[in-house]
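Architecture at a glance
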Amino acid sequence: MAQINHHFQKLKAGYLFPEIARRVNAFADAHADAEVIKMGIGDVTEPLPAAIVQAMHVAVDEMGSRDTFRGYGPEQGYEFLRTAIVEGSYAGMGIAADEVFVSDGSKCDSGNILDIFGIGNRIAITDPVYPVYVDTNVMAGNTGDANAQGKYDGLLYLPVTEENNFVPEIPDQEVDLIYLCYPNNPTGTVVGKEVLQQWVEYARSHGAIILYDAAYEAFITEEGIPHSIYEIEGAHSCAIEFRSFSKNAGFTGTRCGFTVVPKQLMGIDDAGKEVSIHALWNRRQATKFNGVSYPVQAGAAAAYGQQGKAEIAELVAFYLKNAQLLKQGLESLGIRVFGGVNAPYVWLKTPGGASSWEFFDLLLEKTHLVGTPGSGFGAAGEGYFRLSAFNSRANIEESVERLKKFLQ
Ligand SMILES: *Cc1c(COP(=O)(O)O)cnc(C)c1O
């Protein structure tokens, strides 16, 4: 019989979103006329910007004509997109076009990256956290089993809560890989340059690598908040950055992202010799990936054009206004709210000390609103709750009305 990868058996049953769906369905069955508004899963709601649609139409026509048809493209992405990314997102940061690897999304890359790292690395994640970082490490065999709290042996969990202002503490032990995500999903919080500088210094002095997820970079509104880890001195020799067109340009269904791997970045082999991480990732992509479709890359490049930039700015501003309405509505009810200023997520402290799931049930029952229990993102998320601002304005306004009616 074929042996399976037994590490998969350590995974907690894909618990969070199926459990939400189960409870919502049960509620809907019992209350057929209730108008449920879903503010749980972080998926965009608005259509692709016109500039992107136009560019994709043109590209599809090119693919339909013998003279302009394209077959396999470079596994790393077309030069036109890699250059647009460097000029549009990394100007002045010392990143070269051949350090950018275009992909079908940053969820995929943040999981696939473990292909090039050895077993036995010590891994730090924040708690709560984007579940992909945890589960991909479980699959790769980097953890032991989960304990009763749902925490895996072998991972270093760095709590981020109101008590530490959602800033993870620098470890007092050795770690080799560090996952950081800013602006953060699920908490919607950000960190300043000083905090990232400390992480870069830790990584450099311990030979660790920071895996920096900047999928929500476009939502940063406040001055002085870094958009990229490469704004931090020294980061080029200790950090990989993941970015995505999903949340800013509405590509969750269209699929395009990219990963930046500076050539300076080194890992170590079994003999203690330094090895280029860039070369390994290039080899991995060239072997296991055949590039993103040409029309999608053409669409992504249009995100950097004049019209594309303006349309994306409008889209981001729209979601941020939703977040602001949610935040203000909740705050007017005396609820403590975090995030929602530089991110499309509002992270709230459940009123009256309710557990995350108690608040979920209460909210569903009384207001017919669906959010995400904070405890689903990690033990330290207990007592918190996430609301997503990815929704229509009408739904957001209706949600705020219902919250006020119920919680006042
Ligand atoms: C949505 C999201 C992404 C983007 O994933 P894609 O695969 O590019 O759609 C990456 N990281 C986090 C934390 C996210 O929430």
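Criteria and thresholds
Residues numbered from 1 in each chain as written. Predicted model: local features only at pLDDT ≥ 70, side-chain atom pairs only at ≥ 80, totals over all residues. Heavy atoms only, no water. Axes fitted to C-alpha atoms, helices over the stretch in contact; angles between N-to-C directions. Helix = DSSP H or I, 4+ residues; strand = E, 2+ residues; numbered from the N terminus. Parallel < 35°, antiparallel > 145°, perpendicular 65-115°, else oblique. Contact = heavy atoms within 4.5 Å. Nonpolar A, V, L, I, M, F, W, Y, C, P; charged D, E, K, R; others polar. Buried < 20%, exposed > 50% of the residue type's maximum accessible area, 1.4 Å probe, protein only. Salt bridge = Lys/Arg side-chain N within 4 Å of Asp/Glu carboxyl O. Pairing = 2+ DSSP bridges.

**Here's the deal with the packing of helix α9 (residues 306-331) against helix α11 (residues 393-407)**
Interhelical geometry of α9 versus α11 gives an angle of 5° and a closest axis separation of 9 Å. On the basis of their axis angle, the class for α9 and α11 is roughly parallel. Contacts between α9 and α11 involve Phe318, Lys321, Asn322, Leu325, Leu326, Gly329 and Leu330 from the first element and Arg393, Ile396, Glu397, Val400, Leu403 and Lys404 from the second. Grouping the constituent residues of the contact of α9 with α11 by class yields seven nonpolar, two polar and four charged.

**Looking at the environment of Ala298**
Relative to the elements of secondary structure, Ala298 occurs in helix α8 (residues 294-302). Judged by relative accessible area, Ala298 falls into the buried class, the value being 12%. Separated by 62 residues in sequence, Ala298 and Phe360 place their C-alpha atoms 41 Å apart. Beyond its immediate chain neighbours, meaning those up to four positions away, Ala298 contacts Ala55, Ala59 and Phe80.

**Considering the pattern of salt bridges**
Per the stated rule, a full pass over the model turns up 13 salt bridges. Residue Glu241 pairs with Arg243 through a salt bridge whose shortest N-O separation is 3.0 Å. When its relative accessible area of 0% is taken as the criterion, Glu241 is described as buried. Residue class for Arg243 comes out buried when judged on its relative accessible area of 4%. Within the structure, one salt-bridge network assembled from shared partners comprises Glu19, Arg22, Arg23 and Asp361.

**Quick word on unusual backbone geometry**
Here the amide bond leading from Asp127 into Pro128 is cis, since omega sits at 5°, within 30 degrees of zero. Counting through the fold element by element, Pro128 comes out in the loop between β3 (123-127) and α5 (131-139). The omega angle of the peptide bond from Tyr182 to Pro183 is -10°, so this bond is cis rather than trans. Examined against the element boundaries, Pro183 turns out to sit in the loop between β5 (177-181) and α6 (193-206). A positive phi angle, close to 65°, is found at Phe166, a residue other than glycine. Mapping Phe166 onto the fold places it in the loop between β4 (155-159) and β5. By relative accessible area, Phe166 is classed as buried at 2%. The phi dihedral of His368 falls on the positive side, at around 60°, and the residue is not glycine. With respect to the helices and strands, the residue His368 is situated in the loop between α10 (356-367) and β13 (369-370). Relative accessible area serves as the criterion here: at 22%, His368 is assigned to the partly exposed category.

**So, the sheet that holds strand β2 (residues 100-103)**
If you walk across this open sheet you meet the seven strands as β2-β8-β7-β6-β5-β3-β4, and the pairing is mixed. Each edge of the open sheet carries a strand with a single partner, namely β2 and β4. Taking each pair of neighbouring strands and ignoring which way they run, the sheet shows an average axis angle of 20°. As defined by bridge partners, β5 adjoins strand β6 (residues 209-213) across five bridges and the pair is classed as parallel. In the sheet register, Ile178 faces β6, and the bridge partner there is Ile210.

These values are about where atoms sit, not about what they do.
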